[in-house]
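Structural overview for review
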Amino acid sequence: QETGNAEVRFMQLDLASLRSVRAFASAFLRQEPHLHLLINNAGVSAGGTTEDGFSLSFQVNHLGHFLLTQLLLERLQSCAPSRVVIVASCAHCAGRLHPDTLGRPPPGPLSAFQDYCDSKLANVLHARELATRLEGTQVTCYAVHPGFVNTELFRHTPLWLKPLFLPLVWLFFRDAAEGAQTSLHCATQEGLERFSGRYFANCRLQEPWPPARDDRLARTLWEASERLVGLGGPGGSPSP
């Protein structure tokens, strides 16, 4: 109603629940014959665990999006040319991924922040490996740093930190419309196909930090993510 566009439809999806992701994908595929663009934009920075037993930030920011993308991938391919945009962050620079502990809350007093950084590194690597696997299909994908944006991402900031942190947000962070520009650029700009799998910030191509360019780590993350969300078999089809 707020958009004034009668073609906009709301469909419920909770990325903190893999069951919800599967239900959403099933409903979408039944109701919508076309899919040309998928923007994985949801994000959270908070402690806690999900009903699936994973750390909240890592599941919402990476595992939920990974499963959603895989479940919709066949439709994206049948509607090609199509694109996947994965909203990451420059916080990937502090990410550390250990395949044997993937999805568990990191240790230490800054566990929630580290978990967020880890999930953002996973986002960049997800785009990189997805591009490799989709080469030649006319489905391209891009990782995006939207900038520092004043959204509800920080609603779980500890109470003692809010008096220090929130004034910085109001003074220096972008509003949501400004923060969407690089995502929209990667979604709509012509001629980006040759940059599939790459990382963008401020509507320009940028080199991510070295761990986000590690093809072996990207492949390992992909295989571990498949296992964690219950995908298996050739091509990552859902397990029976």
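Conventions we followed
Residues numbered from 1 in each chain as written. Predicted model: local features only at pLDDT ≥ 70, side-chain atom pairs only at ≥ 80, totals over all residues. Heavy atoms only, no water. Helix = DSSP H or I, 4+ residues; strand = E, 2+ residues; numbered from the N terminus. Contact = heavy atoms within 4.5 Å. Areas by Shrake-Rupley, 256 points an atom, 1.4 Å probe, with all protein chains shown as cover. Pairing = 2+ DSSP bridges. Axes fitted to C-alpha atoms, helices over the stretch in contact; angles between N-to-C directions. Phe/Tyr/Trp six-rings, centres within 6.5 Å; stacked < 30°, edge-to-face > 60°. Buried < 20%, exposed > 50% of the residue type's maximum accessible area, 1.4 Å probe, protein only. Parallel < 35°, antiparallel > 145°, perpendicular 65-115°, else oblique. Right-handed = clockwise from strand over helix to strand, strands pointing away. pLDDT = per-residue confidence, 0-100. Disulfide = S-S within 2.5 Å.

**Digging into the overall build of the chain**
- Within the chain, the secondary structure is distributed over 7 helices and 5 strands.
- Order of helices (α) and strands (β) in the chain, N terminus to C terminus: α-β-α-β-α-β-α-α-α-β-β-α.
- For the chain, long-range pairs separated by at least 24 residues make up 75% of all intrachain contacts whose partners lie at least 6 apart in sequence.
- When the accessible surface of the chain is totalled, it reaches about 12900 Å², and 55% of it is carbon and sulfur.

**Remarks on the sheet that holds strand β3 (residues 139-145)**
- Sheet architecture is open: 5 strands sit in the order β1-β2-β3-β4-β5, paired in mixed fashion. Looking at strand neighbours, the two that pair on one side only are β1 (37-40) and β5 (204-206), the edges of this open sheet. The average undirected angle you get between the axes of adjacent strands in this sheet is 30°.
- Taken together, the 3 bridges between strand β4 (residues 199-201) and β5 define a ladder with antiparallel strand orientation. Considered in β5, the bridge of A201 is made with R204.
- Here helix α6 (residues 181-188) sits on the sheet in contact with β1, β2 (82-87), β3 and β4, set at roughly 160° to β2.

**A closer look at the packing of aromatic side chains**
- This model, assessed by the stated rule, comprises 4 aromatic pairs.
- Here the aromatic rings of F66 and W222 are separated by 4.9 Å at their centres, their planes lie at 80°, and the arrangement is edge-to-face. Placement of F66 in helix α2 (residues 56-78) and of W222 in helix α7 (residues 215-229) is noted, with a sequence separation of 156 residues between them. Taken individually, F66 and W222 each receive the classification buried, so the pair is uniform in this respect.
- Three or more aromatic residues link up through ring pairs in this structure, and these residues are Y142, F195 and F200.

**Some words on the packing of helix α3 (residues 111-133) against α7**
- One can describe the packing of α3 onto α7 by two numbers: an axis separation of 9 Å at closest approach and a directional angle of 90°. On the basis of their axis angle, the class for α3 and α7 is roughly perpendicular. In contact with A122, L125, H126, R128, E129, L130 and R133 of α3, α7 contributes D215, L217, A218, R219, L221 and W222.

**Things to note about the pairing of β3**
- Counted residue by residue, β3 has 7 buried out of 7 residues, so it is predominantly covered.
- Burial of β3 is two-sided: the residues V139, C141, A143 and H145 facing one way and the residues T140, Y142 and V144 facing the other way are all buried.
- Two elements, β2 and β3, share 6 bridges in a ladder whose sense is parallel. What sits directly across from S82, in β3, is V139.
- Regarding topology, α3 serves as the crossover connection from β2 to the parallel β3, and that connection is right-handed.

**What about the confidence of the model for the chain?**
- When pLDDT is averaged across the chain, the result is 88; 83% of the residues are at 70 or more.
- Between residues 234-240, whose pLDDT stays under 50, and residues either more than four places distant or in other chains, the model counts 13 contacts.

**A few points about the state of the cysteines**
- Tallied over the entire structure, the rule returns 0 disulfides.
- Of all cysteine sulfurs, the one in C186 lies closest to C203, which takes part in no disulfide; the gap is 7.6 Å.

**Structural notes on unusual backbone geometry**
- Here A80 and P81 are connected by a cis peptide whose omega angle stands at 10°.
- Counting through the fold element by element, P81 comes out in the loop between α2 and β2.
- Of note, Q138 is a non-glycine position whose phi angle comes to about 70°, a positive value.
- Tracing the chain through its elements places Q138 in the loop between α3 and β3.
- For Q138, a relative accessible area of 54% puts it in the exposed group.
- Positive phi outside glycine occurs at C203, with the angle close to 60°.
- Residue class for C203 comes out partly exposed when judged on its relative accessible area of 30%.

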